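What the coordinates show
In case you want the letters, here they are:
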Protein chains: 2
Amino acid sequence: MKVSASDRPPQAAPLPVDLADGVFPAGCPSRTVLDHVTSKWGVLILLALSEGEQRWSDLRRRAEGISEKMLAQTLKTLERDGLVRRDAQPVIPPRVDYSLTERGYGLSALLVPLVAWAFENAEDIVNGQR
Amino acid sequence: MKVSASDRPPQAAPLPVDLADGVFPAGCPSRTVLDHVTSKWGVLILLALSEGEQRWSDLRRRAEGISEKMLAQTLKTLERDGLVRRDAQPVIPPRVDYSLTERGYGLSALLVPLVAWAFENAEDIVNGQR
DNA sequence: CGGGATCCCCAGGGATACTG
DNA sequence: CAGTATCCCTGGGGATCCCG
């Protein structure tokens, strides 16, 4: 059964079926990946790295409020997902650089507009709260 | 000190300064908004609603695995943020329709490519794990 | 400097039961 | 049908100490 266009806002559009079928099921891999990528700190780290290579301490300062544990965990997850490259140099004191992989850059290109949207709409949203 | 272009992958680009300043600080509103929007269930609900108006029970079935508590909580948060519109009809049995607001649609337009990315890359990513 | 290992805590979230 | 209320628990995540 079809629904006439006037029944819903003009912007409403059906998702590609394979996308809908692929993401909504409970156990699907895309859910896991989505969780990694949209995690509280994951977004910020990915965003920071989209500006280029950064050191551990840079990231720690950049993602204000992150604990060492969560930074390590987030970076490890993103590295396992093939989104972040880790370059450890065997010097004293140690120096480790993190950067995005090709795939990581592809993702960050989608994340940047999202974060920009959040930034632009944040004030309106919190104001509407009261 | 400047870094020459060859030192980093060609895709690396600085974020707009106001964006970087706005999102990385700990207490900023954009962090909160971002957390709502990228929350585990928030993304799926927003995505489902991007296809048009849906009822509570539709959403519950769609976002497979969500508990009633989390569905209620997620919808309430998104409604407070002005992203989701709630239309309760005073009939027996009750019927409540949820749909995206104008702002919600703007957001979903950014979310769809992200979820599509997750779906397309999910297999590669989990395969790379072993 | 860049982490790893531990301990510990509370709130995020599930399950169940009830209601308008 | 569309929620609310309650109980309960575990694992996400902070704090701290240590090590190469």
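Residues numbered from 1 in each chain as written. Chains lettered and ligands numbered in written order. Predicted model: local features only at pLDDT ≥ 70, side-chain atom pairs only at ≥ 80, totals over all residues. Heavy atoms only, no water.

**Concerning the interface of chain B and chain A**
Put simply, the test is: By definition, residues are in contact when any of their heavy atoms lie within 4.5 Å. Polar contacts here mean pairs of N or O atoms no more than 3.5 Å apart (in protein, one a potential hydrogen donor and the other a potential acceptor; neighbouring residues in sequence count only if both atoms are side-chain atoms). Every helix listed is a DSSP run of H or I at least four residues long, and every strand listed is a run of E at least two residues long, numbered separately from the N terminus.
With 59 residues of chain B in contact, the opposing surface of chain A contributes 60 residues. Counting the contacts that link chain B with chain A gives 13 residue pairs in polar contact (both at pLDDT 80 or more). Secondary-structure elements contributing two or more residues to the side of chain B that touches chain A are α1 (17–23), α2 (29–37), α3 (40–49) and α6 (102–128) of chain B. Looking at the side of chain B that touches chain A, the element that brings in the most residues is α6(B), giving 20 residues.

**Brief notes about the sheet that holds strand β2 (residues 84–89) of chain B**
All names here are of chain B. The line we're drawing: Pairs of strands are assigned from DSSP output, requiring at least two bridges between the strands. For every element, the axis is a line fit to its C-alpha atoms; helices are fit only across the contacting stretch, and the angle between N-to-C directions ranges from 0 to 180 degrees.
Strand order in the open sheet formed by three strands is β1-β3-β2, with antiparallel pairing between adjacent strands. Two strands bound the open sheet, and with one partner strand each, they are β1 (54–55) and β2. As judged from the six bridges shared by β2 and strand β3 (residues 95–100), these two strands associate in the antiparallel manner. Opposite Gln89, over in β3, you have Arg95 as the bridge partner. Across the sheet, α3 is in contact with β1, β2 and β3; its angle to β3 comes to roughly 95°.

**A word on helix α2 (residues 29–37) of chain A**
Selection criterion: The classification of residues rests on relative accessible area computed with a 1.4 Å probe and restricted to protein chains. Under 20% of the type maximum is buried, over 50% is exposed, and intermediate values are partly exposed. Here the arc refers to the directions that run from the helix axis out to each C-beta atom.
What α2(A) keeps buried is the set A:Ser30, A:Arg31, A:Val33, A:Leu34 and A:Val37. Down the axis of α2(A), the smallest arc covering the buried residues is 165°, so these residues share one side. Against α1 (17–23), α3 (40–49) and α6 (102–128) of chain A together with α3 and α6 of chain B lie the buried residues of α2(A).

**Focus on the UniProt feature "domain: HTH hxlR-type" (unreviewed entry) in chain A**
Spelled out, the test is: UniProt positions are given in the numbering used here, feature names are shortened, and annotations may be inferred rather than shown by experiment.
Per the UniProt entry, the sites bearing "domain: HTH hxlR-type" (unreviewed entry) are residues 28–126 of chain A in this numbering. The distance from the first to the last C-alpha atom of residues 28–126 of chain A is 34 Å, and the span holds 65% helix and 14% strand.

**Topic: the protein's contact with DNA strand D**
For the record, the criterion: Definition of nearness: a residue and a molecule or strand are near each other if at least one heavy atom of the residue lies within 4 Å of the molecule or strand.
Looking at DNA strand D, there are 16 residues lining it, with A:Ser67, A:Lys69, B:Ser57, B:Arg86 and B:Tyr98 nearest. Backbone atoms, meaning sugar and phosphate, form 59% of the atoms of DNA strand D found within 4 Å of the protein. Between B:Arg86 and DNA strand D, the recorded distance is 2.2 Å, taken from a side-chain N or O atom to a phosphate oxygen. Among the secondary structure elements, those contributing two or more residues to the surface near DNA strand D are α5 (68–80) of chain A together with α4 (56–62), α5 (68–80) and β3 of chain B.

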